[in-house]
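Understanding the architecture of this molecule
Listed here are the chains, written in short residue letters.
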Amino acid sequence: QVQVVESGGGLVQAGGSLRLSCAASGSTFRMVIMGWFRQAPGKEREFVAKSTWNDGRNDGTTAYADSVKGRFTISRDNAKNTVYLQMNNLKPEDTAVYYCRASKNGVYGPYDYWGQGTQVTVSS
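The structure reproduced in this document is the subject of the present report. (Residues numbered from 1 in each chain as written. Predicted model: local features only at pLDDT ≥ 70, side-chain atom pairs only at ≥ 80, totals over all residues. Heavy atoms only, no water.)

**Concerning unusual backbone geometry**
A positive phi angle, near 50°, is found at Asn89, a position not held by glycine. Secondary-structure assignment places Asn89 in the loop between strand S8 (82-87) and strand S9 (96-103). (Helix = DSSP H or I, 4+ residues; strand = E, 2+ residues; numbered from the N terminus.)

Written out as structure tokens, the structure is:
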């Protein structure tokens, strides 16, 4: 039984920084993809960033939503099945619940594991 747990959310002023963490546990099988989605009130859940494991890469191949490129950085400790999201120059529009999504497959799908979410609030 796999558990996915996020931490690191909080309240920060615009221009500030936060680092989110997500740890997957309860399975000895390494997660191929670990990444982040977010959902603001009244809006659809949207992709933020992901890391896909590859040989020779500590934190895998990365991808980002256009809205966070240059501000957010995803990294991963594969030995611990843990992923991090460093969020810099935060904006009020970044306010949302951030969810971790982990998959044992090379693409996201219906059997992925989700965390409970962590709230990020950015004040102006």
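**Some thoughts on the sheet that holds strand S7 (residues 72-77)**
Taken in spatial order, the four strands make up an open sheet running S1-S3-S8-S7, and their pairing is antiparallel. With one partner strand each, in any of the chains shown, strand S1 (3-7) and S7 form the two edges of the open sheet. Direction aside, the axes of adjacent strands within the sheet are offset by 15° on average. In the sheet, S1 pairs with strand S3 (residues 18-25) via five bridges, with the strands oriented antiparallel. (Pairing = 2+ DSSP bridges. Axes fitted to C-alpha atoms, helices over the stretch in contact; angles between N-to-C directions.)

**Quick word on the nonpolar core**
Among the nonpolar cores identified, the biggest contains 27 residues, and Met34, Trp36, Val48, Phe72, Leu85, Met87 and Tyr98 are the most heavily contacted of them. At the level of elements, S3, strand S4 (33-39), strand S5 (46-52), S7, S8, S9 and strand S11 (118-123) are the ones that each hand at least two residues to this core. If we skip the residues at most four places from it in the chain, Phe72 touches Arg38, Val48, Tyr64, Leu85, Gln86, Met87, Asn88, Leu90, Asp94 and Tyr98. (Core = buried A, V, L, I, M, F, W, Y, C linked by side-chain atoms within 4.5 Å. Buried < 20%, exposed > 50% of the residue type's maximum accessible area, 1.4 Å probe, protein only. Contact = heavy atoms within 4.5 Å.)

**Here we look at the environment of Gly115**
Among the structural elements, Gly115 can be located in the loop between strand S10 (113-114) and S11. The exposure class assigned to Gly115 is buried, which follows from its relative accessible area of 11%. Spatially, the C-alpha atom of Gly115 lies 8.8 Å from that of Ala24, the residues being 91 residues apart in sequence. The residues touching Gly115, leaving out its near neighbours within four places in the chain, are Val4, Glu6, Tyr99 and Cys100.

**Looking at the pattern of salt bridges**
Counting across every chain of the model gives five salt bridges. Between Glu46 and Arg38 there is a salt bridge, with its nearest N and O atoms 2.7 Å apart. Looking at Arg38, the relative accessible area reads 5%, which means it is buried. When the shortest N-O distance is used, the salt bridge between Arg101 and Asp112 registers 2.9 Å. Here Asp112 lies in the loop between S9 and S10 and Arg101 lies in strand S9, a separation of eleven residues in the sequence. Residue classification places Asp112 among the buried residues on the basis of a relative accessible area of 11%. Salt bridges sharing partners connect three or more residues here, namely Arg38, Glu46, Arg71 and Asp94. (Salt bridge = Lys/Arg side-chain N within 4 Å of Asp/Glu carboxyl O.)

These figures come from the coordinates and say nothing about function on their own.
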